[in-house]
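Each chain is listed here by its residues.
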Amino acid sequence: MIIVAGSTSSKLAQDLAQVTNSEFVQASVKRFPDGECHVRIEKEKIDDEVVIVQNTYPDDKMIELFLLQDAAYGLGATKITNVIPYYGYARQDERFNKGEPLSARVMADHIQLNSDKVVLVDIHNPEMLDWFDEAESVDVHAAPAIGRYFKDAGIDLVLAPDEGALKRAGWAAETLGCEWDYLVKTRLSGTQVHMVPKDIDVKGKKVLIVDDIISTGGTIVAATEELRRHGAKSVMASCTHGLFVSGALDRLKKYCDRIACANTLESEVSVISVAPEVAKVL
Ligand code: R5P
């Protein structure tokens, strides 16, 4: 097995090569003067399975992925597995209005054209796995890795920001050996939301919020403020995909005692490697 890293998630790809004891190849990615993408996998020939690690976010990374797939086939790859740590467009998993595309499915259709297997990490909507009808598809979870990372932080309670994310909080809590619950959100006005844990009192507790995505950070900020109001001793935040758009990370640092996320998207806080989880399904 050869692990090929595109220009995203290179650290995860390196970890994966180490965990699986495989050869690591960093693909070269350049731009032609007109802006078109040029990729190259620096090998003479490949007579082995190739695992390409590359996000489909932002948009130009998707083109890079398609070119890497073809480059690998051109070299003779016997099997192509695509590890897509962060799947761009995953939240556009419905035709929300008439005349709109089913964007997440469009991506799946194109990815599987040149792929035997697709490995996703905490995909927003697991039903999307069925859209990969030409390639084997599997979703892996970052929660156990998040739990392992926070093992020495003295966490008393893991909270999911909503009921839909409760399972994920439970997996992290089981690794930590603590309780878990979810936050119930009530909208008080156009700008005010009230978020309280469903069953467990947070007073005096060290709380860890685990979400799949942190984008603007709005969800974590609102939850953190409420938890502090309810007497939480400390509030830490974690997620699988730290997008941190529009200065979200700087803002969050003012609210949370600690922030750490998985290394599907690289940032200064993407310190939790999901390589062991991904390696298990390769
Ligand atoms: C929602 O479905 C997701 O699980 C996240 O809670 C959401 O995407 C976070 O977004 P933001 O950081 O902008 O509040």
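Preceding block: the structure.
Since the model is a prediction, treat every value here as computed from it, not as a measurement.

(A) View of the packing of aromatic side chains. For the coordinates displayed, the defined rule picks out three aromatic pairs. Between Tyr87 and Phe132, the aromatic rings sit 6.4 Å apart at their centres with planes inclined by 80 degrees, giving edge-to-face as the arrangement. Of this pair, Tyr87 sits in the loop between β6 (79-84) and α3 (103-111) while Phe132 sits in the loop between β7 (117-121) and β8 (136-140), and the two are 45 residues apart along the sequence. Accessibility expressed as a relative area gives 5% for Phe132, which makes it buried.

(B) Fine view of unusual backbone geometry. Cis geometry is adopted by the peptide bond preceding Pro58, which originates at Tyr57 and carries an omega value of -10 degrees. By the element assignment, Pro58 lies in the loop between β5 (49-53) and α2 (59-74). One non-glycine residue, Asn21, adopts positive backbone phi at about 55 degrees. Position of Asn21 relative to the elements: it lies in the loop between α1 (10-20) and β2 (23-26).

(C) View of the site of the ligand. The local shell around the ligand consists of Arg91, His124, Asp211, Asp212, Ile213, Ile214, Ser215, Thr216, Gly217, Gly218 and Thr219. With respect to the ligand, the side chain of Asp211 contributes an N or O atom lying 2.6 Å from an oxygen atom. Coverage of the ligand by the protein amounts to 77% of the 380 Å² it exposes when considered alone. Among the cavities detected, the one that contains the ligand is the largest pocket. When residues of the shell around the ligand are assigned to their parent elements, the largest contribution, four residues, is made by strand β12 (residues 206-214).

Scoring rules and cut-offs
- Residues numbered from 1 in each chain as written.
- Predicted model: local features only at pLDDT ≥ 70, side-chain atom pairs only at ≥ 80, totals over all residues.
- Heavy atoms only, no water.
- Phe/Tyr/Trp six-rings, centres within 6.5 Å; stacked < 30°, edge-to-face > 60°.
- Helix = DSSP H or I, 4+ residues; strand = E, 2+ residues; numbered from the N terminus.
- Buried < 20%, exposed > 50% of the residue type's maximum accessible area, 1.4 Å probe, protein only.
- Near = heavy atom within 4 Å.
- Polar contact = N/O pair within 3.5 Å; in protein donor to acceptor, adjacent residues only side chain to side chain.
- Areas by Shrake-Rupley, 256 points an atom, 1.4 Å probe, with all protein chains shown as cover.
- 1 Å grid on protein atoms, 1.4 Å probe; cavity = no way out; pocket = protein on both sides within 12 Å on 5 of 7 lines; lining within 4 Å.
- Sits in = over half its atoms within 2 Å of the grid points.

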